[in-house]
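Residue strings, one per chain:
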Amino acid sequence: AAGVIQSPRHLIKEKRETATLKCYPIPRHDTVYWYQQGPGQDPQFLISFYEKMQSDKGSIPDRFSAQQFSDYHSELNMSSLELGDSALYFCASSLTRQGDAKNIQYFGAGTRLSVL
Amino acid sequence: GIQVEQSPPDLILQEGANSTLRCNFSDSVNNLQWFHQNPWGQLINLFYIPSGTKQNGRLSATTVATERYSLLYISSSQTTDSGVYFCAVVPWAGANSKLTFGKGITLSVRP
């Protein structure tokens, strides 16, 4: 079965550089989520999209932005990178029944970002 | 927001032993998922279990929604079971569906 695809798997950047993470959800899934997991931490919700519209926003820095495209893939753009942005970034997708939060979220393998 | 507490924080087992991992949550939920994060960082879906009991091989889970807790049982543990186990929930209240994770339980299975 198709899974959530994230690219790249690993990314090394310098401080103040920009990074773009990509996510391809499971086909026919209508909701995409982004989570950030710092070293030794639990994943924290950043932002989500339902049918290409932003549906919820968590503790996402203003330096970060995200969007979902017409083909349902999503990109997380990160600018002015800081050392503290080093983390594992997960994308998840789900098929959301409208008005019903009962949905299974399937996670990609993650992108490990290292900011030097 | 909803609080998710997992216990114990760390667990060391000898291969072949059984274990029970607990997840308490502070409010009613309509989504509860258990994950295993392997040493490579991948989050593996174990169970979607907002209520009831499910089994998958050596793993089983039970959620008692009225008492706001879930249990993950691992039987005949293997070294490949090592890693961090997360419980994550979506509360009933509100329209969003983001998962709130517990702090995780680090399991080490020794040969």
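Scroll up to find the structure this text is about.
Predicted model only: the values in this text are computed from it and were never measured.

Calculation criteria
- Here the residue index of a chain counts from 1 through its sequence in written order.
- Key to labels: chains lettered from A, ligands numbered from 1, both in the order written.
- Owing to the predicted nature of the model, reporting of local features is limited to residues with pLDDT of at least 70; listing and counting of side-chain atom pairs is limited to 80 or more, with chain, interface and lining totals taken over all residues.
- To obtain the side-chain values, all non-hydrogen atoms of the structure were included, while hydrogens and water were left out.
- For the purposes of this entry, the term helix denotes a DSSP run of H or I that reaches at least four residues, the term strand denotes a run of E that reaches at least two, and both are numbered from the N terminus.
- A radius of gyration in this sense is built from C-alpha atoms; the matching globule rule multiplies 2.2 Å by the number of residues raised to 0.38.
- Any two residues whose heavy atoms approach within 4.5 Å at even a single point are treated as in contact.
- We count Lys and Arg on the positive side and Asp and Glu on the negative side, and we leave His and both chain ends out.
- Each charge is placed at NZ for Lys, CZ for Arg, CG for Asp and CD for Glu.
- Here, a disulfide means two cysteine sulfur atoms that sit within 2.5 Å of each other.
- Summary of the burial criterion: residues with accessible area below 20% of their type's maximum are buried, those above 50% are exposed, and those between are partly exposed, where the area comes from a 1.4 Å probe applied to protein chains only.
- For any pair of parts, buried area is found by adding up, for both, the accessible area (1.4 Å probe) each one loses once the two are put together.
- What makes a salt bridge here is a side-chain nitrogen of Lys or Arg within 4 Å of a carboxyl oxygen of Asp or Glu, nothing more.
- A 3.5 Å cut-off defines polar contacts: any pair of N or O atoms within that distance qualifies, except that in protein one atom must be a possible hydrogen donor and the other a possible acceptor, and neighbouring residues in sequence count only when both atoms are side-chain atoms.
- Residue polarity follows a fixed list, in which Ala, Val, Leu, Ile, Met, Phe, Trp, Tyr, Cys and Pro are nonpolar, Asp, Glu, Lys and Arg are charged, and the others, Gly among them, are polar.

K.L.:
Just checking my understanding: could you explain the overall build of chain B for this structure?
P.N.:
Broken down by element type, chain B carries zero helices and 11 strands. In terms of C-alpha radius of gyration, chain B reaches 14 Å, essentially the compact-globule figure of 13 Å for 111 residues. Referenced to the eigenvectors of the C-alpha coordinate spread, the extents of chain B come out at roughly 45 × 25 × 20 Å. Long-range pairs, those at least 24 residues apart, make up 55% of the contacts in chain B with a sequence separation of at least 6. With 7 positive and 6 negative side-chain charges, chain B shows a spacing of 5 Å between the two charge centroids.

K.L.:
What's the story with the state of the cysteines in this structure? I'm lost.
P.N.:
By definition, a disulfide is the covalent link that joins the sulfur atoms of two cysteine residues. All names here are of chain A. Under the defined criterion, the tally for this structure stands at two disulfides over all chains. Sulfur-sulfur distance for the disulfide between Cys-23 and Cys-91 comes to 1.8 Å. In this structure, the disulfide formed by Cys-23 and Cys-91 twists by about -55 degrees around the S-S bond and is classed as left-handed. One end of the pair, Cys-23, is in strand β3 (residues 19–24); the other, Cys-91, is in strand β9 (residues 87–94), with 68 residues separating them in the sequence. Like Cys-23, the residue Cys-91 is buried in the burial classification.

K.L.:
Help me understand the interface of chain B and chain A, please; the structure alone is not making it clear to me.
P.N.:
Many descriptions give the size of an interface as the accessible area lost when the pieces come together. Chain B puts 21 residues into the contact, and the matching count from chain A is 20 residues. Together, the buried faces of chain B and chain A total about 1700 Å²; carbon and sulfur atoms form 54% of this surface. One salt bridge connects B:Lys103 with A:Asp42, and the closest N-O pair in it is separated by 3.2 Å. Run the count over chain B and chain A and you get eight residue pairs in polar contact (both at pLDDT 80 or more). Elements with a contribution of two residues or more to the side of chain B that touches chain A: β4 (29–37), β5 (43–48) and β9 (83–91) of chain B. Tallying contributions element by element places β4(B) first for the side of chain B that touches chain A, with five residues. Here the residues of the side of chain B that touches chain A sort into nine nonpolar, 10 polar and two charged.

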